[in-house]
Amino acid sequence: MVKHTDPADAAATGPRVREFLSRVPDYVPGKAPVVPDGVTPYKISSNENPFAPLPAVVEAVVATASQVNRYADMGASELVADLAGHLGVPAEHVVATPGSTAALVHVLQAVCDPGDEVVFAWRSFEAYPILATLAGAVPVPVPVTADGRHDLPALAAAVTDRTRMVLLCTPNNPTGPALTRTEVRAFVQGLPPHVVVVVDEAYREFVRQADADDHLPLHLEFENVAVVRTFSKAHGLPGLRVGYLVARPRLAGAVRRTLVPFGVGAPAQQAARASLRPAQLAVLDAQVDEIVARREALVADLRAQGWAVPDAQGNFVWLALGPLTADFAAAAEAVGLSVRPFAGEGVRCSVAEPEANARLVALAGAFVADHPGLAG
Ligand SMILES: *Cc1c(COP(=O)(O)O)cnc(C)c1O
């Protein structure tokens with residue numbers, strides 16, 4: 001047997017892994033709060049749906065459970081057909097993935113060669129720089145404006161000969177504002193047609209701004225546009241992992257070739273299908289309306305306290321706390337609320353149960369009273 005020695009790795013005793021992984025930031029999941037005695041804890045750190053899964057969706061999962069000795073349908077063809085019908089697009093345009101995070105992974109794999117640049121607003125979805133780096137690409141973050149919006153002229157100016165993709169997050173997680181379809185259309189028109197624009201619409205159901213809740217038609221106008229959506233937020237199924245990408249056949253086909261076979265399990269496929277039936281959609285719409293009403297009340301209460309809350313079009317609000325971020329997160333933890341802090345920048349708080357929202361308002365009021373400099 002040949003003895004392999006690597007002088008550069010002489011000190012290493014374990015398996016050799018790729019050095020660049022040490023430069024990939026960790027994804028920080030929202031955590032559940034540590035419960036103070038006698039207090040009901042609320043996790044408002046992951047933008048989850050506070051409503052329990054619908055009975056018809058649970059039934060679909062249970063019915064599928066007895067067949068999990070079999071592989072699921074590889075292309076999720078029934079789900080893709082249902083989605084195509086629901087969206088009014090050809091099935092060829094739809095790629096089902098295990099969560100929309102996987103849709104992002106695969107579109108990056110399909111588009112980027114090592115060293116290619118991926119432009120996105122920042123702060124935005126924390127997975128973007130992680131996934132771009134893992135794909136071998138170079139992340140190019142472009143600061144959001146003071147009110148948490150994408151700076152579209154700056155994003156366009158950041159596009160170079162090496163740019164292969166621009167990621168747009170609307171509404172933007174964690175800051176809240178949405179992009180209109182008119183704005184995105186003008187942005188795409190100004191780009192070279194080989195640069196792929198991925199519009200991440202994870203929170204589109206919660207949008208109440210005109211012209212901002214549906215970017216899907218752009219993929220018909222532009223072959224370089226892909227739209228990414230998920231069943232994790234408004235549909236409340238993050239534990240099942242199902243999302244999808246919509247693009248014209250050239251891009252959709254390239255994404256399909258990168259998929260891990262059988263990525264979306266049968267329970268996830270059938271739960272998503274059940275969730276798209278008219279009776280279930282009607283219930284979900286009412287739940288989303290309720291969350292939006294709670295969001296509007298929460299934003300109004302926070303602004304009345306003096307907080308400069310950016311336009312909130314998702315199921316979360318952003319408090320730009322700067323250096324007080326960790327203090328606020330600790331104060332929240334102490335009252336049984338786990339928020340999502342971004343060190344030195346701010347906290348994202350999900351719109352949740354009425355008691356959780358009320359507790360957040362009380363906490364924020366006390367905090368701003370203690371730190372009058374925060375009031376905008
Ligand atoms: C939650 C979220 C997603 C998707 O999550 P999945 O559970 O992987 O579908 C995608 N983009 C943004 C901006 C999100 O906040």
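The structure we're discussing is the one just above.
Residues numbered from 1 in each chain as written. Predicted model: local features only at pLDDT ≥ 70, side-chain atom pairs only at ≥ 80, totals over all residues. Heavy atoms only, no water.

(A) Spatial organisation of the packing of aromatic side chains. Counting across every chain of the model gives ten aromatic pairs. Here the aromatic rings of Phe120 and Trp122 are separated by 5.8 Å at their centres, their planes lie at 70 degrees, and the arrangement is edge-to-face. Note on Trp122: relative accessible area 24%, which makes it partly exposed. Ring geometry for Phe125 and Tyr128: centres 5.5 Å apart, planes at 90 degrees, overall edge-to-face. Each member of the pair, Phe125 as well as Tyr128, carries the same accessibility label: buried. Following the ring pairs from residue to residue traces out a cluster consisting of Tyr27, Phe120, Trp122, Phe125 and Tyr128. Its end group placed over the ring of Phe342, Arg340 keeps NZ or CZ at 4.2 Å from the ring centre. (Phe/Tyr/Trp six-rings, centres within 6.5 Å; stacked < 30°, edge-to-face > 60°. Buried < 20%, exposed > 50% of the residue type's maximum accessible area, 1.4 Å probe, protein only. Lys NZ or Arg CZ within 6 Å of the ring centre and 35° of its normal.)

(B) Representation of a nonpolar patch on the surface within the structure. Side chains of Val17, Leu21 and Leu134 sit close together on the surface and give an oily, nonpolar patch of about 270 Å² of accessible area. Structurally, Val17 is set in the segment before β1 (42-43). (Patch = residues over 30% accessible without salt bridge, like charges linked within 9 Å, V, L, I, M, F, W, Y side chains within 5 Å. Areas by Shrake-Rupley, 256 points an atom, 1.4 Å probe, with all protein chains shown as cover. Salt bridge = Lys/Arg side-chain N within 4 Å of Asp/Glu carboxyl O. Helix = DSSP H or I, 4+ residues; strand = E, 2+ residues; numbered from the N terminus.)

(C) Expanded view of the side chain of Glu126. Looking at the element boundaries, Glu126 is found in the loop between β3 (117-122) and α4 (127-134). A polar atom in the side chain of Glu126 sits 3.2 Å from the backbone nitrogen of Val28. Here Arg340 takes part through its side chain, which lies 3.0 Å from a polar atom of the side chain of Glu126. Setting aside residues no more than four positions away along its own chain, Glu126 makes contact with Asp26, Tyr27, Val28 and Arg340. (Polar contact = N/O pair within 3.5 Å; in protein donor to acceptor, adjacent residues only side chain to side chain. Contact = heavy atoms within 4.5 Å.)

(D) Broad picture of the pairing of β3. In terms of residue burial, β3 counts as a mostly covered element, since five of its six residues are buried. Pairing between β3 and strand β4 (residues 138-143): six bridges, direction parallel. In the strand pairing of β4, Phe120 is matched with Pro141. In the classification by handedness, the crossover that spans β3, the intervening α4 and the parallel β4 is right-handed. Strand direction decides the pairing type here: β3 and strand β5 (residues 163-169), joined by four bridges, are parallel. Opposite Phe120, over in β5, you have Leu167 as the bridge partner. (Pairing = 2+ DSSP bridges. Right-handed = clockwise from strand over helix to strand, strands pointing away.)

(E) Quick look at the state of the cysteines. Following the criterion strictly, the structure yields zero disulfides and no others. Cys112 carries a free sulfur, and the closest cysteine sulfur to it, the one in Cys169, is 17 Å from it. Among the cysteines around Cys169, which has no disulfide bond, Cys349 carries the closest sulfur, lying 17 Å off. (Disulfide = S-S within 2.5 Å.)

(F) Representation of the sheet that holds strand β6 (residues 196-200) in the model. Taken in spatial order, the seven strands make up an open sheet running β2-β8-β7-β6-β5-β3-β4, and their pairing is mixed. Only two strands of the sheet have a single partner each, and these edge strands are β2 (94-97) and β4. Each adjacent strand pair in this sheet contributes to an overall mean axis angle of 20 degrees, direction not counted. Along the sheet, helix α2 (residues 77-87) contacts β2, β7 (225-230) and β8 (243-246); its crossing angle with β2, the most-contacted strand, is approximately 130 degrees. Against the sheet, helix α8 (residues 249-257) engages β2, β6, β7 and β8, with an angle of about 25 degrees to β2. (Axes fitted to C-alpha atoms, helices over the stretch in contact; angles between N-to-C directions.)

(G) Representation of the nonpolar core. Judged by nonpolar contacts, the single largest core of 47 residues is most densely connected at Leu79, Leu83, Val94, Val166, Leu168, Val225 and Phe231. Once you skip the residues sitting within four places of it in the chain, Val225 turns out to touch Val188, Val197, Val199, Leu218, His219, Val246, Ala247 and Leu251. Of all hydrophobic cores here, the second largest spans 37 residues; its members include Trp307, Val347, Ala352 and Val368. (Core = buried A, V, L, I, M, F, W, Y, C linked by side-chain atoms within 4.5 Å.)

(H) Representation of the site of the ligand. If you check the shell around the ligand, you find 13 residues, and the closest are Thr101, Tyr203, Thr230, Ser232 and Lys233. Contacts to the ligand include Ser100, whose backbone N or O atom sits 2.7 Å from an oxygen atom. In the environment of the ligand, an oxygen atom lies 2.5 Å from a nitrogen or oxygen atom belonging to the side chain of Thr230. Contact with the protein chains removes 93% of the 390 Å² of surface that the ligand exposes when unbound. Residues of the shell around the ligand, tallied by class, amount to four nonpolar, six polar and three charged. (Near = heavy atom within 4 Å. Nonpolar A, V, L, I, M, F, W, Y, C, P; charged D, E, K, R; others polar.)

(I) Representation of the packing of helix α1 (residues 55-65) against helix α9 (residues 266-275) in the model. For the pair α1 and α9, the least separation of the axes is 8 Å and the interaxial angle reads 150 degrees. If you check the angle between α1 and α9, you find them roughly antiparallel. The element α1 and its partner α9 pack so that their crossing is right-handed. Mapping the contact onto sequence places Ala56, Val57, Ala60, Val61 and Thr64 in α1 and Ala266, Pro267, Gln270, Ala271, Ala274 and Ser275 in α9. (Parallel < 35°, antiparallel > 145°, perpendicular 65-115°, else oblique. Left-handed = near helix turned anticlockwise from the far one by under 90°.)

(J) Quick look at the sheet that holds strand β12 (residues 346-350). Strand order in this open sheet of three strands is β9-β12-β11, and the pairing throughout is antiparallel. Because the sheet does not close on itself, it has two edges, and the strands there are β9 (316-319) and β11 (340-342). Here the average twist between neighbouring strands, direction ignored, is 20 degrees. Sheet topology places β9 next to β12; four bridges connect them, and they run antiparallel. By the bridge assignment, Trp318 is partnered in β12 with Arg348.

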